[in-house]
Amino acid sequence: LKHHDKAYSQMRIKIATCYMLSAMFGIAIRAENDEKNANVGAARLYSAMDADCAAALAYGNDNNGSDGRSDLVASTVFLLSATLPYAHRFANEDADEPLPMMDLSEACLLAVGSMCGAVWSFANDSSIVGMSSSNNFGGTQQQGKYSHLRSDAAQMACKALTTTVKDNRATTATAPLLGSVLIGALGESLVLPALRLTLAIAQNAAGHDDVRGELARSGMLVPVGDILQHSLSSGERYTFSMAIAIVRFCGPCCTGNYLDSSNTSGSIASLQNSIRTLSCVLMIAESGDDNGMNEHRRNTLLSLKYESLLALEALSSNEALQSTLIDAFPSLTEFLVQLDAGRRRTDSSSSTDVDTDDIMVCSALKTIRSIISLPSSSPSSVVAVKDMISSLVKILNGSHGENKADNNNRKQEVSLELLHAMASNNEVNSLLSSGVLDAVASLLGGGTLSGKMTHLGLDIIEFIISDIDSTNPVMMRQFVNDMASQEQFLRALIATMVATKKYVGDKQIFVSPLYGTPLLLPEDTAGNDLRPTAAEDKAINVLFDISSLLCSDVSCVGKEHFLHAFMLKDLRGAAAETVSLATCIFLEILMDENNGICVPQNYPANRSFFLDVKLPIVRSQLLEILSLSLDECMASSNNSSRKHAETLIFEFKIPQLCLLFCQSQKLFQASFDLYENAVLPLPINVIGDLLLADKSSLVALFDLVTTGRNNLVQDSEHSKQAFALTLGNLAKAGFLSTAVERFGVRNNAIAALSAAMQGSHDETIDENEDSLPRICVESLAAILRNNQQEDELEINALEARAMTTAIGKILSSTVLNRFFTQASLETTFDNSVDHSFDRSAISQSPEARLLCSMASFPETLEMLRKVGGLEAIGLIAHEGELAAIRAIQKACEISPTSVVDVDAHLSIMDALIQVEYKLVSTNPSDICKLREVVAKCIQIITTLSQNTETKSAILSAEQSFGCLTASACIISASSKLLNQKSIPVEKDITSVDKCHIRKTEKAIDSVGKDTASLGNSSEDLQLGDLVLVDSTSSINLSSPLKSSQNNDVEGIVAHLGPVKFAPGDDWIGIRLTGSSVGLGRNDGSVKGVRYFDCGDSDKNGVFVKRNNVKKQECEVEFEAKKETKIQVEMATEDYDMPRVETQHEQIWDCLLSNDDFTLERASFSLLQSFSSSKPHRDLLMKTETVINDMMSVIQLHSPSLTDFQRNALDLLVSLTLHLHKPDVKLTTLFCSVVESRTKVLQTSRDKRLLYSTKQLLALAISGLENTFCAFMDADDKSRSLKIASDLFVFLADSLFKGPKSRRLAASMKDGVLFYHLSSFFVLSLGSESLRASILSIRFVSSLIRFIMMTAGLTSFDCQIPITESEGGEHWKAALSHCLYCLSINMAQSSQDHLGISYASLIADTEASPKSFQFCLKHIADKKLGGASSISAKQILAKLERLPVS
């Protein structure tokens, strides 16, 4: 600039160069858009630029001092950024510039504009604004190979234009150059090039909102707004289009994020004015002339309106302009109406006009859609929207007769978007009455649409349906009418649902696509996920909403439309397969009631209405459809159809579905029909696999068997019967109990089945296998079955109480009724028939087993007793059922009298006696059970016989002797086994028969001997005696004879002794005579064994026990005696009489256990208890075999036998109290036990053995006490006293001389033994000779030591701590006895016999001097006094009187 001439020439060169660059880049851009020579010009241009750049990099800077820039674009932008400030400065100074600065600025603007992508010329050619052209202002530049280079150029140009330049006339204020250029501050010639460059920057900066923000921040929108208004008023078409495009691109960025606070208000106000200007453009009316000039004008106007629409659409994203845009909404609506009216006036327009109008419609709709989605609206806009709905409906229906499908779909898509926006914003109250529902449904069902259009249409329909009130008849009628013509749309929805859900598990079920083509939905971006996408969910949700409305139509017209569409009634053939699959899929979709596809999630009221009304309606209809379609498939002759139905039932879990829906009253009938038609005919294993696959189905099945849930349903009894039948079949197949245990629903099962039985209102359970109570009781038994022992039921206290409350009465009544019926049959028909199997079947029935299990707890026994349950259990126990016997035992512990009141004790006694016959044919696996039965029965009888209130009932019962015999046989058999194990004995096998005959003779002969224990009188009976028999006696234990006029029947004794059908040897067979003929129970034979002959009469014989017979005082005929005599002879010959005793030994042996003496202990307890009764005691004392066997075992030495020996010895000791004559064997036994067990004490250190040995010794000494006075001679007495004294000496000395720990360990058993020993010694004090037999220094010393140990002086080291809990009374009694013995023996004669004075003996014995006297004084000074104190005083007095030497 310092050299004017040189600068001028350089600037002119640069001006020319810029013009050339502008032309070159412009040509390159047009060539890039040319289809024939695509990218040729641009490729050459940019290749040359790259080569120049590479050369510059290779050779460095030039020689003229240039800065070395070789990038042509950057150099041009740099030239622009350097030129504009100078031009701005000269313009501000208002001085004449001799240099062409403005021309250079204009050339730079044009060149940079072409480099940034500007393609428009200044020519006012309408072709450049044609809306079909790709180079219009309607959008950004197309992305080409070199678009990124233009974008880079745009960013550099933006930076150059928006750089602030300081004004020389201002000290601080700065402003960007772009605004100054646009307002003409640098000259009018720069406005259009600057505007062109600004548009190119904004248009090619796509994706760079920061560039457009920089432009907006520069404040250029204010002059652009002015240019917009000025160009519109002046008719400058090109300038107006560029201004609109700049507003469109930069207006959305005109917010606080991009503008300074100083520029924000001005830019926003300018944009608001621009919006008003654009609205006015839309309202410009078209001319009606048809000449060419008017046609050109019309096209230009349409182009301006199109550009205005695009600008308004873009500005709608600016929140600051929302209020102004909403005010422009009526103008947009009016424009759309005008456009539609213009189309109707020009129906014969060319295809080009049609395309132009279509583009305008789409653009208008898009603009309206953008504006209508704004959050606020004015009343005028609402009115405008309502006026526009009819036009949108016409577009959807294709009422304009468009020729091109693409344009039509484009308009319809935008129309759907607009309707969607209107519906989502609640712009109108209801779209139903406007025909929108019919139009959208027709569009969706009429052909293939884009996924977006389908999604929009489904949304619109969903919005419309959500506003329909099903209680409004007008709305429902309109809806039904619209859907009546939309069967194709409904089926398209169903086809979409089937296509979405056709995969089931691992199988793919194929059916014919009879519903048509599914809707085209947006692709799922999640990949190949089989779950429905959001769009698919939308289609299913719309299907459900339409179905619920149609099915809820009170006129049933809507329901008919739904059925016709869903069931494909207009098609024939294999439609049932397709319909059944669609129904199953629909039902499966509706299963999730929490987060399902169709469940409303927003509002609780809608959710409640869905669950209570809509869902049941649709489900009920679907269940009916499924029942019909599956029934049709199953009835088809085509195997594939039947297989298809079975596959659906299994894969979709139809049984579980039915059970779930049957719990709803609204769905019960439809689901039960489906269950009855489709599920019940299936095999039980298939039903089990389906119903027992999950917990909910099993619980539902239990619930449906009960009353209460279905009590409002018609024919509920039939349904409960059907469900119970399913349970019964599952129980029989073994599936039910396993499932109940697996799912832990035992309580549910018990409660449900019990309630079902209780609700049947039957008093008893009949034998019909298909009856509800019978099925329930068998199912209960199956559920409660013990896994380890299948013949037993497992139940807890809570379950027992609940079941007793519910079904205790019906079970008790059923068992009693069945037993009474069986008893009636037994008395009516032939007695030769064995009815034990029938009674056993009753006792093992499910109801009997349940009753026994329920009675296993104290709290339920009283409840059962009140309803007859205890009586029924007693009858069950009669058959030997272990559970019943346990229940009776529990009842004995709680209330023994209640057992006797219902004669359950007789049943227990009968059960015990019958065990012998069961053992003959019992499997080895049942031996343990029979052993427990015997043990429990014996324990029950013992418990009752020891109770004062029930003792008489037990001992007076006829069966008591049989029980006594059974217990004695057990003891005898056990004794023999123990003897055989301990002492091997050779058995004479050949003597078995002889032994049997001898025992039989002995049993028969024993009847005539002293039988005080066998009956009420002591009369002897012989064969042939005439007797009277009590009519209540029996041949089968407790079964009564036929009734007679009086209580007795008469007859002749025809058999005496044991029989085969019952234990005991006191049976009497009687042949009835006189008026009693025909009142018997047999013909002299029982169970195939004949005992005597009754002649021609079949009912003239009877067997009774001895205590039921009274001898008459008259002789029988000689023939009768002769005949009975034959019986005796036959018994001693080879006659096959039952071998009672030998058979007993063989039978009872198998019940005995090697390791457990429970059975023996129970038998000992019973014998001990029965020994209090004289008849029973006499019978026991006559059984020498049992006593001898016990005695032999007692003498054995084995630690494992001590329990048995103690019980046996205790029984023998108790019998010694009732001896009538001396028994040498018992005396010898007791002495032997004392001698042998004393040696055990002396040698053994086993604490357990010592403990049991002391018990045996105490019992043996007690036996000697009982037999000492009356049944011992002098030698036996002396011997027994000597043995006892030796034992006493050993015990006392071992305690006194042993360690202190031994005295501290002294127990009650020691005290008991000392008590019996000392008591035994007292018995000898009455005889001088007996006293002398035991009087010795050792004995007296032991007495002294024992007195010192038990005197109670804690200061003595020899003190034995005596407490009341450790048998203190026995120790005190023993001390008293010892003091008394010592006082009696402390005489001069005794001192002479000993040969030493007592003083010396005491001194030698006591641990310290005078300690014994101190003990005696302590005992004598006790305030309690008593025998001990007196004896101590006597000893002290005698010690003073006796001489010391």
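Everything here concerns the structure above.
Residues numbered from 1 in each chain as written. Predicted model: local features only at pLDDT ≥ 70, side-chain atom pairs only at ≥ 80, totals over all residues. Heavy atoms only, no water.

*Asks:* So what's going on with helix α32 (residues 735-743)? Which residues, and what values?
*Replies:* All buried positions along α32 are accounted for by Leu-736, Ala-739, Val-740 and Phe-743. All buried residues of α32 lie within an arc of 100° about the axis, which places them on one face of the element. In this structure, the buried side of α32 is in contact with α30 (695-705), α31 (716-732), α33 (746-758) and α34 (772-783). Among the residues trailing α32, Gly-744 stands out with phi positive, at a value near 65°. (Buried < 20%, exposed > 50% of the residue type's maximum accessible area, 1.4 Å probe, protein only. Helix = DSSP H or I, 4+ residues; strand = E, 2+ residues; numbered from the N terminus. Arc of directions from axis to C-beta. Contact = heavy atoms within 4.5 Å.)

*Asks:* Describe the side chain of Asp-553, and please don't skip the residues or the numbers.
*Replies:* Following the sequence through the fold, Asp-553 ends up in the loop between α22 (534-551) and α23 (557-566). At 2.6 Å, the side chain of Asp-553 forms a polar contact with the side chain of Ser-555. If near-sequence neighbours (up to four positions away) are discounted, Asp-553 is found in contact with Met-476, Val-480 and Gly-558. (Polar contact = N/O pair within 3.5 Å; in protein donor to acceptor, adjacent residues only side chain to side chain.)

*Asks:* Break down the nonpolar core for me, citing the residues and quoting the values.
*Replies:* Ranked by size, the top nonpolar core spans 408 residues in total, and within it Ile-546 and Phe-702 carry the most contacts. In this structure Ile-546 touches Ile-461, Ile-465, Phe-479, Met-483, Phe-489, Leu-490 and Leu-493, once residues within four positions along its chain are discounted. By size, the runner-up hydrophobic cluster in this structure holds 14 residues, among which are Leu-1056, Ile-1068, Leu-1079 and Val-1102. (Core = buried A, V, L, I, M, F, W, Y, C linked by side-chain atoms within 4.5 Å.)

*Asks:* Break down the environment of Ser-555 for me, citing the residues and quoting the values.
*Replies:* Tracing the backbone shows Ser-555 in the loop between α22 and α23. The spatial distance from the C-alpha of Ser-555 to the C-alpha of Pro-473 is 9.7 Å, given a sequence separation of 82 residues.

*Asks:* I'd like a rundown of the pattern of salt bridges, residues and numbers included.
*Replies:* Two side chains with opposite charge may pair up if their charged atoms get near one another. Per the counting criterion, the structure on display carries 31 salt bridges. In this structure, the salt-bridge partner of Lys-452 is Glu-417, at a minimum N-O distance of 2.6 Å. Highlighted residues: Lys-452 in helix α19 (residues 451-466) and Glu-417 in helix α17 (residues 405-424), separated in sequence by 35 residues. Classification of Glu-417 by relative accessible area gives buried; the value is 8%. Across the pair Glu-847 and Arg-818 runs a salt bridge, and its minimum N-O distance is 2.8 Å. Remark: Arg-818 occurs in helix α35 (residues 797-828) and Glu-847 occurs in helix α37 (residues 846-854); sequence separation between them is 29 residues. Like Arg-818, Glu-847 is buried. Because the salt bridges share partners, they merge into one network encompassing Glu-767, Arg-774, Arg-818 and Glu-847. (Salt bridge = Lys/Arg side-chain N within 4 Å of Asp/Glu carboxyl O.)

*Asks:* If you had to explain the state of the cysteines to someone new, which residues and values would you point to?
*Replies:* Tallied over the entire structure, the rule returns zero disulfides. The thiol of Cys-254 is not disulfide-bonded; the next cysteine sulfur, from Cys-253, is found 8.9 Å away. (Disulfide = S-S within 2.5 Å.)

*Asks:* Please provide a residue-by-residue account of the sheet that holds strand β7 (residues 1067-1072), values included.
*Replies:* Ordered in space as β10-β7-β6-β5-β11, the five strands form an open sheet in which the pairing is antiparallel. Each of the sheet's edge strands pairs with one partner strand only, and the pair in question is β10 (1101-1105) and β11 (1109-1111). The sheet shows a mean angle of 45° between the axes of neighbouring strands, direction not considered. (Pairing = 2+ DSSP bridges. Axes fitted to C-alpha atoms, helices over the stretch in contact; angles between N-to-C directions.)

*Asks:* Give a description of the packing of helix α21 (residues 487-500) against α23 that names residues and reports values.
*Replies:* Where α21 meets α23, the axes come as close as 9 Å, and the angle between the chain directions of the two elements is 55°. Put simply, α21 runs oblique to α23. For α21 against α23, the interelement crossing comes out right-handed. Residues Glu-487, Leu-490, Arg-491 and Ile-494 of α21 touch α23, and the partners they reach there are His-564, Ala-565 and Phe-566. Its residues placed into classes, the contact of α21 with α23 shows four nonpolar, one polar and two charged. (Parallel < 35°, antiparallel > 145°, perpendicular 65-115°, else oblique. Left-handed = near helix turned anticlockwise from the far one by under 90°. Nonpolar A, V, L, I, M, F, W, Y, C, P; charged D, E, K, R; others polar.)

Taken by themselves, the reported measurements are silent on function.
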